[in-house]
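A look at the structure
Spelled out, the chains give:
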Amino acid sequence: MKTVMINASPKKKMSVSSYFLFLQRLFVGGKVIKEKLRNKGDHKRLLETVSEADSIVFCLPLYVDGVPSHVLMFLKELEQYCRENSLDLNVYVISNGGFIEGNQNRVLMQVFENFCNRSGINWCGGIGIGGGVMLNVMRIMFFIYFGIFLLNIISGSSLQDALIYLAKQWGIILFFNIGVLFYNIGMGTAISRGRRFGVKFTRAMMPSFLFIIVADIFFILISIFKGGIFRGWLKGSSKKSL
Amino acid sequence: MRVIVHDLGEQYNALLKNKCDELICADGKYAPCQGCFGCWTKTPEKCFIKDMLREACRVIGNADELILITQNCYGAYSPAVKNILDRSIGLSTPLSTYRAKQMHHTLRYGKHELLSVIAYGDITEAEKATFELMVQRNAVNFGFIKSKFHWSDDIEKLEEIL
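Quick caveat: nothing in here was measured; it's all calculated off a predicted structure.

So, how was this worked out
Residues numbered from 1 in each chain as written. Chains lettered and ligands numbered in written order. Predicted model: local features only at pLDDT ≥ 70, side-chain atom pairs only at ≥ 80, totals over all residues. Heavy atoms only, no water. Phe/Tyr/Trp six-rings, centres within 6.5 Å; stacked < 30°, edge-to-face > 60°. Helix = DSSP H or I, 4+ residues; strand = E, 2+ residues; numbered from the N terminus. Buried < 20%, exposed > 50% of the residue type's maximum accessible area, 1.4 Å probe, protein only. Contact = heavy atoms within 4.5 Å. Buried area = accessible area lost by both parts, 1.4 Å probe. Salt bridge = Lys/Arg side-chain N within 4 Å of Asp/Glu carboxyl O. Polar contact = N/O pair within 3.5 Å; in protein donor to acceptor, adjacent residues only side chain to side chain. Core = buried A, V, L, I, M, F, W, Y, C linked by side-chain atoms within 4.5 Å. Patch = residues over 30% accessible without salt bridge, like charges linked within 9 Å, V, L, I, M, F, W, Y side chains within 5 Å. Areas by Shrake-Rupley, 256 points an atom, 1.4 Å probe, with all protein chains shown as cover. Pairing = 2+ DSSP bridges. Axes fitted to C-alpha atoms, helices over the stretch in contact; angles between N-to-C directions. Disulfide = S-S within 2.5 Å.

Let's talk about the packing of aromatic side chains
All chains considered together, the criterion is met by 18 aromatic pairs over all chains. With centroids separated by 5.5 Å and ring planes inclined at 80°, the aromatic side chains of F219(A) and F37(B) adopt a geometry described as edge-to-face. Of this pair, F219(A) sits in helix α8 (residues 208-226) while F37(B) is found in the loop between β2 (22-25) and α2 (38-41), placing the two residues in two different chains. A relative accessible area of 7% places F219(A) in the buried class.

Here's the deal with the interface of chain A and chain B
Between chain A and chain B, the residue contacts involve 55 residues of the former and 59 residues of the latter. For the pairing of chain A and chain B, the buried interface totals around 4800 Å² over both sides, and the portion due to carbon and sulfur atoms is 59%. Per-residue buried area on chain A facing chain B is highest for V64(A), R118(A) and L242(A); these three make up 15% of the total on that side. Counting across the chain A and chain B interface gives three salt bridges. Between E127(B) and R118(A) there is a salt bridge, with the nearest N and O atoms lying 2.6 Å from each other. The interface formed by chain A and chain B includes 30 residue pairs in polar contact (both at pLDDT 80 or more).

Here we look at the nonpolar core
Residue and element names in this part refer to chain A. Counting residues in each nonpolar core, the largest one holds 71 residues, and the members touching the most others are F58 and F112. Sorting elements by how many residues they give to this core places helix α4 (residues 106-119) first, with seven residues. Contact partners of F58, with chain neighbours within four places excluded, come to I6, F74, L75, L78, V91, Y92, V93, I94 and F112. Counting 39 residues, the second-largest nonpolar core is a separate cluster that includes C124, M134, M138 and A215.

Topic: a nonpolar patch on the surface
Together, F209(A), L210(A), I213(A), I217(A), I220(A), L221(A), I224(A), F230(A) and Y98(B) give the surface a local cluster of nonpolar side chains, amounting to about 890 Å² of exposed area. Broken down by element, the nonpolar patch gets its largest block of residues, seven residues, from α8(A). Its place among the elements puts I224(A) in helix α8. We classify I224(A) as partly exposed; its relative accessible area is 42%.

Description of the sheet that holds strand β2 (residues 31-36) of chain A
All names here are of chain A. Read across the sheet, six strands follow the order β2-β1-β3-β4-β5-β6 without closing on themselves; strand pairing throughout is parallel. Looking at the sheet topology across the chains shown, the edges are occupied by β2 and β6 (198-203). Averaged over all neighbouring strand pairs, the angle between strand axes comes to 15°, with direction disregarded. With six bridges connecting them, strand β5 (residues 122-130) and β6 associate as parallel partners. Across the sheet, the residue bridging to G130 is R203, located in β6. Sitting on the sheet, helix α1 (residues 16-25) is in contact with β1 (2-7), β2, β3 (55-61), β4 (90-97) and β5, with an inclination near 160° to β1. Each of β3, β4, β5 and β6 is contacted by α4, which is oriented at about 165° to β5, the strand it contacts most.

Side note on the state of the cysteines
Residue and element names in this part refer to chain B. A complete count under the given rule lists zero disulfides over all chains for this structure. Between C33, a free cysteine, and C36, which holds the nearest cysteine sulfur, the sulfur-to-sulfur gap is 6.7 Å. Relative accessible area serves as the criterion here: at 14%, C33 is assigned to the buried category. Here C57 stays unpaired: no disulfide links it, and the sulfur of C39, its closest cysteine neighbor, is 6.5 Å away. Taking relative accessible area as the criterion, C57 reaches 2% and is therefore assigned buried.

Next up, the structure:
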């Protein structure tokens, strides 16, 4: 089996999609090629890569309840390419939204299903993730706790104590990811065996009211740091033309 | 204010201009959103990309009635129209609230009256269902009180629909 995993985030680095693609990669067997779809310049290379694959996994952000425009543009080209070359492909999708409810990705999944039907390729389902940004930010914590673990050892605490501390902290972070990991394992198995997975929704493991507070604090801090908070942060001006 | 966004080409500008206060022709001559959140956290209401959509959120955000005329693309907007919506998220603020029992961003310009979407081009039943669901969701997301979805197999009948 040859699988192409496409990170379709427009961001150059540290994108949420790259994190979820990394997690999904852990559970996919056979040959895997990692690719990026950031702009039109990637289309030709991607079509060539996809033409030799058995499966594609798209990992992308949710933009305004749907597929980001630069991805829609690629799908139109891919549809034509699939039909001209009668490709037989299995398509899987991992989408992530900033809002906490995973099922806010429902429309995006339907759009991909409609795309597969038009292209004559096999829609195999996907994972819609809510609160993806938070899980991505938390990945930094894995490294921070590992750093503290090393410091503990250097400063003379026993290896056993340091390991227990590390396991505890990593365990807490993993807990927030548990829904995603559960479906990653299921979908990884489906991809490796060329089977249908179905559409599943999951989220960062946190109640929504708490998530909203965390998200608000996050944006307040970022806006102070970037300065937007001092430039009419929540105000709307009345200029009404382009 | 009534705003129309369309991807029909420049030849329709004259006809549509009479039907609204502000017209945006989705000709695709602009960049897609880069997902940086700068229009929330760095320069509110402004995109860092200096093209015609730099302050698009002000037009969309100040619309009482927004009409989107778009070719069907798998039950979604055409890339050129979707690009404009993606670049308009500055119409909300970075803070969050509940709307229709789900998490959404608070609205920078308050509530709007009506979101109408007119899709044209070949469409399947499944795509129609997807489109209807998406328009309802977009209306909640962008703070429109009512939403309507039309599909037309003949864009020449556009004037009747408008």
